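Chains, contacts and geometry: an overview
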Amino acid sequence: KMIVSPRDAFYARKKPVKLEAAAGEIAGEMVLAYPPGIPVVCMGERITSDIITYIELLKKENCELQGTADPWVEYIQVLGVK
C-alpha cells in the first residue's frame, strides 16, 4: 500500500534497517527482481511480512535483485532519521 508519494519518499531522510526487521516500515528505495525488472516494493510503500518473505525467496533462488543500496539486500533503506 502506498503511504507516501514516491517523490516525497525519494527526498525523505532514510535509515538502513535489516530486511527481516523492516515489516511495517515505509520503503525508501525500490527492490526489483531482474529480469523482468518488475518492482517487488516501490519507494513510499509499506513493507509487509509477505514482501519480506518474497524477497527472501528470490534471494534463495539466486534471482538478481536491483534498486537497493545494499547489493546483498540484507538491509533496506526505510523512511526515518539516520
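Calculation rules
- Residues numbered from 1 in each chain as written.
- Predicted model: local features only at pLDDT ≥ 70, side-chain atom pairs only at ≥ 80, totals over all residues.
- Heavy atoms only, no water.
- Helix = DSSP H or I, 4+ residues; strand = E, 2+ residues; numbered from the N terminus.
- Rg over C-alpha atoms; globule rule 2.2 N^0.38 Å.
- Buried < 20%, exposed > 50% of the residue type's maximum accessible area, 1.4 Å probe, protein only.
- Contact = heavy atoms within 4.5 Å.
- Areas by Shrake-Rupley, 256 points an atom, 1.4 Å probe, with all protein chains shown as cover.
- Lys, Arg positive; Asp, Glu negative; His and termini not counted.
- Charge placed at Lys NZ, Arg CZ, Asp CG, Glu CD.
- Salt bridge = Lys/Arg side-chain N within 4 Å of Asp/Glu carboxyl O.
- Phe/Tyr/Trp six-rings, centres within 6.5 Å; stacked < 30°, edge-to-face > 60°.
- Lys NZ or Arg CZ within 6 Å of the ring centre and 35° of its normal.

**Concerning the overall build of the chain**
- What the chain contains, in helices and strands, is two helices and five strands.
- Mapped in sequence order, the helices and strands of the chain form the string α-β-β-β-α-β-β.
- A globule of 82 residues ought to have a C-alpha radius of gyration of about 12 Å, and the chain, at 12 Å, matches this closely.
- For the chain, the spread of C-alpha atoms along the principal axes amounts to about 30 × 25 × 20 Å.
- Relative to its 82 residues, the chain shows a buried fraction of 39%.
- Intrachain contacts of the chain at a sequence separation of at least 6 include 66% that bridge at least 24 residues.
- With an accessible surface of roughly 5100 Å², the chain has 57% of that area assigned to carbon and sulfur atoms.
- With 10 positive and 11 negative side-chain charges, the chain shows a spacing of 8 Å between the two charge centroids.

**Details of the pattern of salt bridges**
- The final tally for this structure, using the stated rule, is four salt bridges.
- K59 serves as the salt-bridge partner of E56, at 3.8 Å between the closest nitrogen and oxygen. Taken together, the residues span about one helical turn, with E56 and K59 both in helix 2 (residues 49-60) at a distance of three residues.
- Between E74 and K59 there is a salt bridge whose closest N-O contact spans 3.2 Å. Of this pair, E74 sits in the loop between strand 4 (64-66) and strand 5 (75-79) while K59 sits in helix 2, and the two are 15 residues apart along the sequence.
- Because the salt bridges share partners, they merge into one network encompassing E56, K59 and E74.

**Here's the deal with the packing of aromatic side chains**
- All chains considered together, the criterion is met by one aromatic pair.
- A ring pair is formed by F10 and Y11, whose centres lie 4.9 Å apart and whose planes are at 85 degrees; its orientation type is edge-to-face.
- Taking the relative accessible area as the measure of exposure, Y11 reaches 59% and is therefore exposed.
- For K14, the ring lying beneath its charged end belongs to F10, and the centroid distance is 5.9 Å.

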